[in-house]
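Descriptive analysis of the structure
These are the residues of each chain, in order.
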Amino acid sequence: VQLQASGGGLVQAGGSLRLSCAASGDTFSSYGLGWFRQALGKEREFVASIRMRSGGIPYYADSVKGRFTLSRDNAKNTVYLQMNSLKAEDTAVYYCAAGRPITSTIMKSSAYYYWGQGTQVTVSS
């Protein structure tokens, strides 16, 4: 599976961005899809993930609940991360990932086999 992330950029605090992750190379619908982020000097952390089937319940990190919305469109082989009410602490490189996580591993980067190249999100305060 090849993943191509896009949609990052520079935005003021309180603004919004929508990240996209387009997948190719395998059966998209058979994978769980997640977003992780890594700020400068920090470890990669979980942001959000959604299980394999369309309509699956997304999981969110506490830090983004109520602000970020994850969705997937299996027909377009794409997963989206709508980010609203952005804060300076959301500044990071965002990576999309594909794997077959189970409930207990859905927030762990080790559960994902394939990774996109990352897209920079910068929130100015």
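Residues numbered from 1 in each chain as written. Predicted model: local features only at pLDDT ≥ 70, side-chain atom pairs only at ≥ 80, totals over all residues. Heavy atoms only, no water.

Moving on: the sheet that holds strand 7 (residues 68-73). Reading across from one edge, 1-3-8-7 is the order of the 4 strands in this open sheet, with antiparallel pairing throughout. Of all strands in the sheet, those bounded by a partner on one side alone are strand 1 (2-6) and strand 7. The mean inter-strand angle of the sheet, taken between neighbouring strand axes irrespective of direction, is 15°. As defined by bridge partners, strand 1 adjoins strand 3 (residues 17-24) across 5 bridges and the pair is classed as antiparallel. In the strand pairing of strand 3, S6 is matched with S20. (Pairing = 2+ DSSP bridges. Helix = DSSP H or I, 4+ residues; strand = E, 2+ residues; numbered from the N terminus. Axes fitted to C-alpha atoms, helices over the stretch in contact; angles between N-to-C directions.)

This paragraph deals with the side chain of R67. The topology assignment puts R67 in the loop between strand 6 (58-60) and strand 7. A distance of 2.9 Å separates a polar atom in the side chain of R67 from the backbone oxygen of S85. Those residues in contact with R67 that lie beyond four places of it in its chain are Q82, M83, N84, S85, L86, K87 and D90. (Polar contact = N/O pair within 3.5 Å; in protein donor to acceptor, adjacent residues only side chain to side chain. Contact = heavy atoms within 4.5 Å.)

In this section: the state of the cysteines. Here the structure, examined in full by the defined rule, presents 1 disulfide. Two residues share a disulfide in this structure: C21 and C96, whose sulfurs sit 2.1 Å from each other. The chirality of the disulfide connecting C21 with C96 is right-handed, given an S-S dihedral of about 60°. Placement of the pair is C21 in strand 3 and C96 in strand 9 (residues 92-99), with a sequence separation of 75 residues. Across this residue pair, the class does not change: C21 and C96 are buried. (Disulfide = S-S within 2.5 Å. Buried < 20%, exposed > 50% of the residue type's maximum accessible area, 1.4 Å probe, protein only.)

Here we come to the pairing of strand 9. Among the 8 residues in strand 9, 7 count as buried, and that is most of the element. Strand direction decides the pairing type here: strand 4 (residues 32-38) and strand 9, joined by 7 bridges, are antiparallel. What sits directly across from L33, in strand 9, is A98. Strand direction decides the pairing type here: strand 9 and strand 11 (residues 119-124), joined by 3 bridges, are antiparallel. Paired with V93 across the two strands is Q120, which belongs to strand 11. Bridge count for strand 9 against strand 10 (residues 112-115) is 3 bridges, and the pairing is antiparallel. The residue bridging G99 from the neighbouring strand is Y112, located in strand 10.

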